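Commentary on secondary and tertiary structure
Residues per chain, in single letters:
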Amino acid sequence: MMDDRFDDLLRDSAPEYNDPPETPREELWQRIVAAREAERAASKEKTEGADGERSHILPFRRLGRVRPGRPLTWAAGIAAVLALGIGLGRMSVKQPASVAISAPVPSSSAPAPRATGAAYRVATTEHLSQSEAFLTLFRTSVRGKEGNERLASATARQLLATNRLLLDSPAAADARTRLLLQDLELVLAEIAQLSPQPKSRDLQLITEGLEQGGVLSRLRTAVPAGTSATQGAL
Amino acid sequence: MEERELISRVLAGDPSAERALYDAHVDRVFRLAYRMAGDMDRAQDYTQETFIRAFSRLQTFRGDASLSTWLGSIAISVTLNGLRKVRRQNEREVGLDDFTPAGQTRREAEPDLKTRLNQAIDDLPEGYRAVFVMHDVEGYTHEEIGASLGVHPGTSKAQLFRARARLREALADFAKD
């Protein structure tokens, strides 16, 4: 089909796709009011008094108080991933990875373009490696129902920031890497947007999305086996 | 009334402000939910869930984006999650009657190009369809889509490009007619 014909077709027909009827405003409002009242009543029964109210405001603390002896699986896991990333970064690059990503500054002893390219590769590999470790941990935690989603969300936001830097850098010049980073961005964004106490079905849907999109397996393929892959790359 | 003032009043528990906020945004939320779901009951469910979540989380709204964009992000998240659940249920319920023998195309059941286009949009991967519907059907900007889906506007553009390419591919045989 000629491109202009196709564009015409889209312009003419796309607005008819699932053309919505008029919004049933009143009906919807009544439903929302009723549902919120039911939710409030259920919440009141559950929390029983002022202490419950306070714990509703601070779910993270409540979590710790209700189950004080619970192992800090998430904290330990995330700390290990971050430590691994920092360690790899120090061993493999002389400058911080973020500097290399955002603004490689030429100097009298400036690295050759080949070295700059290698820096991006190292930064990308580190990021993909950290993301793979994080997502594996996230999936395991969801399956074991032991996650701390607030921490997961915070970590996802950090990874998301790096992911966006890499997407805007020459690291994304390679089509395959760009596609992987874009798909990874969607998954990280979903986790970053998790509420502190997400419904289990939301978590399940994210992990299913991970598996269906093959993001984890593609990450594993993209990350060289063993951490030594990033060492000495420059 | 200014958006910030409206939000303050809702947070203070003013029911008329809640209704005003709902009235200002319900059409846009419902339209998006209906476009994505293609079904009245589901669109109503997703709209309802969107506003329930929005009211319960309004204190977390920081004003980095507009309230409309923030609501859009909740709406699309609720809708995509809902549709994934529906798809999972449908997959479980697929029986032998629904099996299409290999080699039998669906073309004969599709009377015209517009029907075929709608089917092709339905068949797009979830992420592509969301971006396509938001941009090409509902007129969101890439910045709004990026903020709603939590992705970079460049990613939104790339997804839209791929969505259109898929549609072009799906309708390629009509060019020969």
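1. Here we look at the overall build of chain A
In terms of regular secondary structure, chain A is built from eleven helices and zero strands. In chain A, the succession of helices and strands from N to C terminus is α-α-α-α-α-α-α-α-α-α-α. Here chain A holds 234 residues, and 28% of them are scored as buried. Considering only contacts within chain A whose residues lie at least 6 apart along the sequence, 77% involve residues at least 24 apart.

2. Structural notes on the overall build of chain B
Within chain B, the secondary structure is distributed over nine helices and zero strands. In chain B, the succession of helices and strands from N to C terminus is α-α-α-α-α-α-α-α-α. Considering chain B as a whole, with its 177 residues, one finds that 38% of them fall into the buried category. Summarising the internal contacts of chain B: among those between residues at least 6 apart in sequence, 63% fall at separations of at least 24.

3. Quick look at the confidence of the model for chain A
All names here are of chain A. Mean pLDDT for chain A: 70, with 62% of residues reaching 70 or above. Mean pLDDT across the elements of chain A ranges from a minimum in helix α4 (residues 59-66), with 36, to a maximum in helix α2 (residues 25-47), with 86. The low-confidence segment residues 52-72 (pLDDT under 50) makes ten contacts with residues lying over four places distant or belonging to another chain.

4. Details of unusual backbone geometry
Leave glycine aside and you will find that most residues have negative phi; peptide bonds, for their part, are mostly trans. Despite not being glycine, A:Asn18 has its phi angle at roughly 45°, a positive value. Relative to the assigned elements, A:Asn18 resides in the loop between α1 (3-13) and α2.

5. Focus: the interface of chain B and chain A
With 38 residues of chain B at the contact, the number on the chain A side is 31 residues. Taken together, the elements giving at least two residues each to the side of chain B that touches chain A come down to α2 (15-37), α3 (40-57), α4 (67-93), α5 (113-123), α6 (126-137), α8 (153-170) and α9 (172-175) of chain B. The greatest single-element share of the side of chain B that touches chain A, amounting to seven residues, is contributed by α2(B). Residue classes in the side of chain B that touches chain A are distributed as 18 nonpolar, twelve polar and eight charged.

6. Here's the deal with the packing of α6(B) against α8(B)
Residue and element names in this part refer to chain B. Relative to each other, α6 and α8 sit at 100°, their axes nearing to 8 Å. In terms of their interaxial angle, α6 and α8 are classed as roughly perpendicular. Seen from α6, the contacting residues are Gly 127, Tyr 128, Arg 129, Val 131, Phe 132 and His 135; seen from α8, they are Ser 156, Gln 159, Leu 160, Arg 162, Ala 163 and Arg 166. Partitioned by chemical class, the residues of the contact of α6 with α8 number five nonpolar, four polar and three charged.

7. Here we look at the environment of B:Arg84
Residues and elements named next belong to chain B. Residue position: Arg 84 is located in helix α4. A tally of 19 C-beta atoms within 10 Å means that Arg 84 is categorised as partly exposed. Remark: the alpha-carbon pair of Arg 84 and Glu 126, spanning 42 residues in sequence, is separated by 8.8 Å.

8. Quick word on the packing of helix α7 (residues 142-149) of chain B against α8(B)
All names here are of chain B. Contact geometry of α7 with α8 gives a least axis separation of 8 Å together with a crossing angle of 105°. Here α8 runs roughly perpendicular to α7, going by the angle between their axes. Judged by residue contacts, His 142, Glu 143, Ile 145, Gly 146 and Leu 149 of α7 engage Pro 153, Thr 155, Ser 156 and Lys 157 from α8.

9. Focus on the nonpolar core
Residues A:Leu188, A:Ile191, B:Ala33, B:Ala75 and B:Ala130 are the most contacted members of the largest nonpolar core, which totals 76 residues. Other than its neighbours up to four places away in sequence, A:Ile191 contacts A:Phe138, A:Ala152, A:Ser153, A:Ala156 and A:Ile206.

10. Looking at the environment of B:Asp64
Inspection of the secondary structure assignment puts B:Asp64 in the loop between α3 and α4. Taking the C-alpha atoms as reference points, B:Asp64 and B:Ala147, separated by 83 residues in sequence, lie 9.8 Å from one another.

11. Quick notes on the confidence of the model for chain B
When pLDDT is averaged along chain B, the result is 86; 86% of the residues meet or exceed 70. The spread of mean pLDDT over the elements of chain B runs between α9(B), the lowest at 71, and α2(B), the highest at 96.

Reading guide: rules and limits
- Residues numbered from 1 in each chain as written.
- Chains lettered and ligands numbered in written order.
- Predicted model: local features only at pLDDT ≥ 70, side-chain atom pairs only at ≥ 80, totals over all residues.
- Helix = DSSP H or I, 4+ residues; strand = E, 2+ residues; numbered from the N terminus.
- Buried ≥ 20, exposed ≤ 12 C-beta atoms within 10 Å, placed from the backbone.
- Contact = placed C-beta atoms within 7 Å.
- pLDDT = per-residue confidence, 0-100.
- Nonpolar A, V, L, I, M, F, W, Y, C, P; charged D, E, K, R; others polar.
- Axes fitted to C-alpha atoms, helices over the stretch in contact; angles between N-to-C directions.
- Parallel < 35°, antiparallel > 145°, perpendicular 65-115°, else oblique.
- Core = buried A, V, L, I, M, F, W, Y, C linked by C-beta atoms within 7 Å.

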